[in-house]
Protein chains: 4
Amino acid sequence: MSDTRTGTDAKPVKKVVLAYSGGLDTSIILKWLQTTYGCEVVTFTADLGQGEELEPARRKAELLGIKPENIFIEDLREEFVRDYVFPMFRANAVYEGVYLLGTSIARPLIAKKQIEIAERVGADAVCHGATGKGNDQVRFELGYYALKPDVTVIAPWREWDLKSREQLIAFAEQHQIPISKDKRGESPFSVDANLLHASSEGKVLEDPADEVPDYVFSRTISPEEAPDTPTIVTIGFEKGDAVSIDGQALSPASLLARLNQLGHDNGIGRLDLVENRFVGMKSRGMYETPGGTILLPAHRAIESITLDRGAAHLKDQLMPQYAELIYNGFWFSPEREMLQALIDKSQEHVTGAVRLKLYKGGVHVIGRTSPHSLYDQDLVTFEEGAVAYDHRDAAGFIKLNALRLRTLAQRKKRDGA
Amino acid sequence: MSDTRTGTDAKPVKKVVLAYSGGLDTSIILKWLQTTYGCEVVTFTADLGQGEELEPARRKAELLGIKPENIFIEDLREEFVRDYVFPMFRANAVYEGVYLLGTSIARPLIAKKQIEIAERVGADAVCHGATGKGNDQVRFELGYYALKPDVTVIAPWREWDLKSREQLIAFAEQHQIPISKDKRGESPFSVDANLLHASSEGKVLEDPADEVPDYVFSRTISPEEAPDTPTIVTIGFEKGDAVSIDGQALSPASLLARLNQLGHDNGIGRLDLVENRFVGMKSRGMYETPGGTILLPAHRAIESITLDRGAAHLKDQLMPQYAELIYNGFWFSPEREMLQALIDKSQEHVTGAVRLKLYKGGVHVIGRTSPHSLYDQDLVTFEEGAVAYDHRDAAGFIKLNALRLRTLAQRKKRDGA
Amino acid sequence: MSDTRTGTDAKPVKKVVLAYSGGLDTSIILKWLQTTYGCEVVTFTADLGQGEELEPARRKAELLGIKPENIFIEDLREEFVRDYVFPMFRANAVYEGVYLLGTSIARPLIAKKQIEIAERVGADAVCHGATGKGNDQVRFELGYYALKPDVTVIAPWREWDLKSREQLIAFAEQHQIPISKDKRGESPFSVDANLLHASSEGKVLEDPADEVPDYVFSRTISPEEAPDTPTIVTIGFEKGDAVSIDGQALSPASLLARLNQLGHDNGIGRLDLVENRFVGMKSRGMYETPGGTILLPAHRAIESITLDRGAAHLKDQLMPQYAELIYNGFWFSPEREMLQALIDKSQEHVTGAVRLKLYKGGVHVIGRTSPHSLYDQDLVTFEEGAVAYDHRDAAGFIKLNALRLRTLAQRKKRDGA
Amino acid sequence: MSDTRTGTDAKPVKKVVLAYSGGLDTSIILKWLQTTYGCEVVTFTADLGQGEELEPARRKAELLGIKPENIFIEDLREEFVRDYVFPMFRANAVYEGVYLLGTSIARPLIAKKQIEIAERVGADAVCHGATGKGNDQVRFELGYYALKPDVTVIAPWREWDLKSREQLIAFAEQHQIPISKDKRGESPFSVDANLLHASSEGKVLEDPADEVPDYVFSRTISPEEAPDTPTIVTIGFEKGDAVSIDGQALSPASLLARLNQLGHDNGIGRLDLVENRFVGMKSRGMYETPGGTILLPAHRAIESITLDRGAAHLKDQLMPQYAELIYNGFWFSPEREMLQALIDKSQEHVTGAVRLKLYKGGVHVIGRTSPHSLYDQDLVTFEEGAVAYDHRDAAGFIKLNALRLRTLAQRKKRDGA
């Protein structure tokens, strides 16, 4: 087998941990690693809630010659939501005003698990199936390097010379990789999915002037198809994280799954976006984040009565930077961790319940309560006789806030302007 | 007539310009100014699109003894939208994540006009009808002081001792001020309105756990009542400002009015919010901003293809601060003007059209085009033989971005952590 | 004794904790509290390193009729440096580019102690001697309110009608308060001092065009008087805090005192500044911060080899806001605590030693070492064969960073600009 | 002649504009371009105040076979200071707390001139002599791409396989490039210089624990050698830029040269720094910026009396980001231009004079005056009877600022904390 790599500086690799979905593309990569690097391949398949069975991936890996002890399969749904999705939602993070970072937030966890397995099995390399034009390669690799600085990273899409769908199929056929019928032609769009969202991009979505065709959506029905009657739901929060729905305590992943169902049924969470990639170009994507689109305004609503203004505004000010760090792949960076420390510090009293109306694509906050409310009327009257708010205080408040503006106006007058 | 002021430091005032709506409250203020300060009163009534006739205000002012040359009535709708609303929307400004600043943005214009009239008629004082617990007093007065530093500001609600509805009504009756029937009892909520929005707060809205009753809304039908068929609309932009709807060029105020109608008809723009006031407490308000709620995502969408990432992210980063300045009343401050210069600098190429689907409370961007698009596929292939994107570049890009993270990881390893 | 207060809304007070220096002004306040409020006065005198004996304050308080159990005297130097000065220096905080916040940082601690004593003795009020035009009144009172929301605050300088030096002296004589000779006339400037700094402002400093006269300085000799030979000193750091000088471990207060001596002797730490007060006007002050002026560049230097770029730049970006919070008196606010959490998170590895040359007013970093250095040459070569830095990576790094700029340039060309 | 490039993707180049100093290294590059690319070489030599004659560069270029019409020599000193240095000083820009960006700010201008010449002579490529590990390659190339997106960039240090000093010397000898004696051995440090500064890095500076040896400095005498008598100097400013020294109007470059002389003579402007490079590693450098080190505090001082607090704090907040953009090479980016618009907007009244004392390495502001001062005592008393500052206003100001802190404290009490 000839070397299909275009680069010339590939290092010898002994053992590589591949992020393996069981699909055609990562199966081709698996085989390509074996034939090109001549190395032992370890597969890692994770359930992050993408909605696919994992056992077929095990069978396929075995079929492609992976030893049973080199096949790792793990259900990461709870860890994903608890340690990645929820911390991010504490920050109310959105990228470029709207994107809920569904793809971005999953990458660090996969990278972390690959590195953990690499350490366990003594692998010297890791490999992912992200392309050379996207953000995901960056997110995977920054994660790898941050956790194992001496690791060798293999990014087949940047290395091989399989330039077309035809060549990939030919390579697969040559190596007896099973190909399902629908994978033979080029897909009209590509999909990434996990418990937080599904994203689609590519071909049919490439012209940002054209509406996203309905068949692209998989996680939601359209607002038009949603029921004519609103759904009312109450989300309970503790220290910034959602913990219950309509009074029923739920684990993080179960809770998000429940919100996803509610979002799906009410046509909630579709987003059509042109975004700026970290690698420098604009791309157009379609996102479906049904549960997250409900969770964000709910979290903001519980914060609205439990967070002080100073805390809330500081969070709002730093949010775009925090979101950008996650989008760009810097989850395992000191600055993300510092911002997380700041954010988490603010969530101690973010406890209570938010009532929402879900209706044909819309999420409407209609009520919020908290045992730690700062809104409570009683609070603003203080105990020992003092009146909390004397409206005459406002005069002084305004006067001193105005002082510098008056000084500026005096200067303008003096300057004859 | 005895002095109804509680303060003792009131200065003598010769002539005062009152922001006069023609309603009961400002009529009482008018009379109170005459009786308490014994000064000449000049009324200023503006049409900012609040949806009320102005001529009744003239007649009422005359009835209360104001000389015709002291009655100023002005249609400010175009100026309001062109010089205040649109510059603010260039910034995608929202306060605390959601509030479109509909009340905040109107105050500086009213303040400016009052001061202009004060200069013209030689008045030494200005007066507004905002209460002592809210933000509007701050916004008015910061505007006054910034434009005329030596002006005397009269804020009756902070000064007089008319403590209850009964006392106000008694004062009105005593002074032959006409009182319409529905004003005799205490209103279940209070309203502020202009071309951008209507806001309501008070009594029936006070408990943030309770849903806003339907009768509070005046600018929108409910999502449930909205048509079952979506409305498709195209908004044209030039240099960051909306200039046309479905191809028809419209003046700023006409355009916003049209968007308001579209929003109204599709149940768009209701917001139930607990917000943090500048004066230090939380309050619960209900806002209806039908047109603005359509305009914001449309502006973001046209920016998404015409703004560079660096420009877009800088704007996002500074937006919360810009919004806070407007909310707090610092429109006429150097820092707001500096931020505006930064924002306006970015809008030169923000030209094009955005197609939206309006449906039962939702605003969905479904397409965007621009003659200045940065997304255009042709753009990324350069003329003289250079290839714009070589995916091998990504390897170097990632490596150098990872370098500091790898160094940190090496330290961790070395430290035995 | 007639009421000397101008306000009319003073509440009855039973017991008040006064921040008492033992000097003439606070002695007048003490007596004024007794005569005006008719309340029991508790004095609190703290040693924050201002350089005055505390026992005379006790004797004077007794002389003025304070019961021994109502006299509180405490040495706060270690707590001051450890819990206030050092956390602030972790942030490299400077206000308006230069001011090291020496006065600002002492106020919260005094406020906290007053409140603690108030809780212990059952006092319902606290009192400070700061004037009505300055920042200190704000800092004291925000501290009081944040720690005991129902406390009554007495600010004599805003309340009484003792308008001139003569009236104060007369009041003192009337009440048998001892007056030292030099206090009879008006002081040419006023001083605040603690272990971190001494500040002076007022009369002779009022014209910012005029040089500060030499007699104003008390903590430093002038650079011209300083020795012709440089002093070399090494400061040791652990987790962001200075812990030793020239190898000798020192407690926080002892360390700062030692640095003060070094600064004094080398003419270091004088600052002549026009600053913007929180209350709205500009003021001109003179500050002497000998030790702090050495500590700041030393801390930056140890950070320069132990902090990652991402962490360092995030700190730099947020520093002005952190400094402003302290300057404005918001030490006990959620946002200051959130920023502190972020800052402290970054300091884990800020350990090592910095060598400095002190010479005639200048502080020059001449060397730094750390067991946790990120600069270490060995670090940048990784173990398993990988080369940390391939200069060809730079090409890809630049290309992708340039991509959006090239796209913009293509647009410019296309637009014919 | 064999190809000395390691890469394989070099495009054919017809004509290249080389940033040519006339020194050994760029002469080797010149010859390497001719032999490797076989292309026509155009040299560009600029006077940015580096302190070298330009005519020798012309003669050397001719000697190496460059046609006279392909030799471009330009004196850029005034443009450099007026359009690059001064705009940057309006921002008070410092990188990582201390570095005055002397190298960073020169690169965009050189890049711009190279591109202008490329457009004029029809060149399709540009070339610089910066190495593959530093920041300068990024700064040059981002400039090139931003101004001519289709240009081919040649970076010899990343391309050739001349790996050692010996190989370079051998190449030079082989091609009859004159070699001065002192260039034969490896230099103990490398220098970059322009009118703003000289920087040194490399070999003898590599250990950050070791003091910079005295022979590295070229632009300043040491503080110890400086005169025992202070020098007093007054800098005049107009709209944020320095325009005169001791009353004498000077052009930008002349003014900076004069400040450099003053700084040199007083031992001012040495900086020993470990900094974080954009390409990911830390480096240790030594900078001499004599004039800039005087200019920065002078500019801050004139701002201190002419800028409003809101404007000043906004500038301080954004400065680190602005400095980082320049450091990283993004001078020609929309975000830098947006920040510049914001900064320039603030400088309209930054006019006046600042008096400084220069003494043995120190720069001490001792006075400032301005016709537009906001400090002026007269300003704070307003004309029509109003008193600008009533100290009773402070009570209300504090009360409302404290309100949210009191509410928080009430919650803490209620929660039993």
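Conventions used here
- Residues numbered from 1 in each chain as written.
- Chains lettered and ligands numbered in written order.
- Predicted model: local features only at pLDDT ≥ 70, side-chain atom pairs only at ≥ 80, totals over all residues.
- Heavy atoms only, no water.
- UniProt positions renumbered as here; feature names shortened; annotations may be inferred.
- Helix = DSSP H or I, 4+ residues; strand = E, 2+ residues; numbered from the N terminus.
- Buried < 20%, exposed > 50% of the residue type's maximum accessible area, 1.4 Å probe, protein only.
- Contact = heavy atoms within 4.5 Å.
- Areas by Shrake-Rupley, 256 points an atom, 1.4 Å probe, with all protein chains shown as cover.
- Lys, Arg positive; Asp, Glu negative; His and termini not counted.
- Charge placed at Lys NZ, Arg CZ, Asp CG, Glu CD.
- Buried area = accessible area lost by both parts, 1.4 Å probe.
- Salt bridge = Lys/Arg side-chain N within 4 Å of Asp/Glu carboxyl O.
- Expected span 1.5 Å × (residues − 1).
- Bend = angle between axes of the 7 residues up to and from the residue.
- Arc of directions from axis to C-beta.
- Least-squares fit on C-alpha atoms with pLDDT ≥ 70 in both.
- pLDDT = per-residue confidence, 0-100.
- Pairing = 2+ DSSP bridges.
- Axes fitted to C-alpha atoms, helices over the stretch in contact; angles between N-to-C directions.

By the naming in an unreviewed UniProt entry, chain A is Argininosuccinate synthase, taken from Methylobacterium trifolii. Turning to chain A, the UniProt record has this under Subunit (unreviewed entry): "Homotetramer."

Q: Report on the overall build of chain A, specifying residues and quantitative values.
A: When helices and strands are counted, chain A shows 12 helices and 14 strands. Projected onto its principal axes, the C-alpha coordinates of chain A cover approximately 85 × 60 × 45 Å. The 417 residues of chain A split such that 65% are buried. Taking as baseline every contact in chain A between residues at least 6 positions apart, the subset at least 24 positions apart corresponds to 73%. On chain A, roughly 14500 Å² of surface is accessible, and the fraction owed to carbon and sulfur atoms is 49%. Averaged over its 50 positive side-chain charges, chain A has a centre that lies 4 Å from the centre of its 60 negative ones.

Q: Help me get a handle on the interface of chain D and chain C, residues and values and all.
A: Contacts between the two partners involve 81 residues from chain D, matched on the other side by 81 residues from chain C. For the pair chain D and chain C, the two sides together bury roughly 7500 Å², of which 58% comes from carbon and sulfur. Counting every contact that joins chain D to chain C gives 8 salt bridges. Between C:Glu335 and D:Arg404 there is a salt bridge, with the nearest N and O atoms lying 2.5 Å from each other.

Q: Account for helix α12 (residues 391–414) of chain C, with residues named and values stated.
A: Residue and element names in this part refer to chain C. Its 24 residues place the ends of α12 34 Å apart at the C-alpha level, agreeing with the 34 Å of an ideal helix rising 1.5 Å per residue. Its maximal kink placed at leucine 403, α12 deviates by approximately 45 degrees. For α12, the tally of buried residues reaches 17 of 24 residues, placing the bulk of the element in the interior. Taken from the residues just after α12, glycine 416 is the one with a positive phi, measuring 70 degrees.

Q: Now, about the pattern of salt bridges: what can you tell me, with residues and values included?
A: Within the structure shown, the criterion is met by 124 salt bridges over all chains. Salt-bridge contacts for C:Arg107 lead to C:Asp136; the nearest nitrogen and oxygen are separated by 3.1 Å. Taken as a pair, C:Arg107 in helix α4 (residues 107–121) and C:Asp136 in helix α5 (residues 136–147) lie far apart in primary sequence, 29 residues in all. For C:Arg107, a relative accessible area of 10% gives the class buried. Taking relative accessible area as the criterion, C:Asp136 reaches 16% and is therefore assigned buried. Residues joined by salt bridges that share partners form a network here, namely A:Glu74, A:Glu79, A:Lys112, A:Lys113 and A:Glu116.

Q: Before we move on, could you go through helix α7 (residues 165–174) of chain C and cite the residues and values that matter?
A: Residue pairs spaced three or four apart in an α-helix point in one direction, given the helix's 3.6 residues per turn. All names here are of chain C. Those residues of α7 that fall on the buried side of the exposure criterion are Arg165, Leu168, Ile169, Phe171 and Ala172. Seen from one end, α7 has its buried residues packed into an arc of 160 degrees, which puts them on one side. Of the exposed residues in α7, those oriented more than 90 degrees away from the buried face are Glu166 and Gln174. Looking at the residues trailing α7, positive phi occurs at glutamine 176, about 55 degrees.

Q: Could you give an account of the relation of the copies chain D and chain C, naming the residues involved and the relevant values?
A: When chain D is brought onto chain C, the operation consists of a screw motion whose angular component is 180 degrees and whose axial shift is 0.0 Å, with 0.0 Å RMSD remaining. Taken together, the rotation and translation relating the two chain copies correspond to the operation of a two-fold axis. Distance from the rotation axis, computed per C-alpha, reaches its smallest value in chain D at D:Gly362: 3.0 Å.

Q: Give me the lowdown on the relation of the copies chain A and chain B, citing residues and values where you can.
A: Mapping between the two chain copies consists of a rotation about an axis together with a translation along that axis. Mapping chain A onto chain B is achieved by rotating through 180 degrees and translating by 0.0 Å along the same axis, at an RMSD of 0.0 Å. By residue overlap, the copies meet face to face through one surface: 100% of the interface positions of chain A are interface positions in chain B.

Q: An account of the confidence of the model for chain A is needed here, citing residue identities and associated values.
A: All names here are of chain A. Here chain A averages 92 in pLDDT, while 94% of its residues score no lower than 70. Contacts for the low-pLDDT stretch residues 1–8, under 50 throughout, to residues beyond four places or in other chains number 22 contacts. Contacts for the low-pLDDT stretch residues 380–387, under 50 throughout, to residues beyond four places or in other chains number 18 contacts. Model confidence for the complex is summarised by a pTM of 0.96, with the ipTM given as 0.95.

Q: Got a sec to walk through the sheet that holds strand β10 (residues 248–249) of chain D? Specific residues and values, please.
A: Residue and element names in this part refer to chain D. Reading across the sheet, the 5 strands line up as β10-β9-β8-β13-β14 and stay open at both edges, with antiparallel pairing between neighbours. The open sheet has two edge strands with one neighbour each: β10 and β14 (362–369). Across 7 bridges, the pairing between strand β13 (residues 352–359) and β14 is antiparallel. Residue pairing for β14: arginine 355 is matched across the bridge by glycine 367. Across the sheet, helix α8 (residues 252–265) is in contact with β8 (231–238), β9 (241–245), β10 and β13; its angle to β9 comes to roughly 65 degrees. Packed on one face of the sheet, helix α9 (residues 290–306) meets β8, β9, β13 and β14 and runs near 30 degrees to β14.

Q: Go over the UniProt feature "domain: Arginosuccinate synthase-like N-terminal" (unreviewed entry) in chain A with me, naming the residues and quoting the values.
A: The sites that carry the UniProt feature "domain: Arginosuccinate synthase-like N-terminal" (unreviewed entry) are, in the present numbering, residues 15–178 of chain A. Here residues 15–178 of chain A runs as 48% helix and 15% strand, with 24 Å between its end C-alpha atoms.

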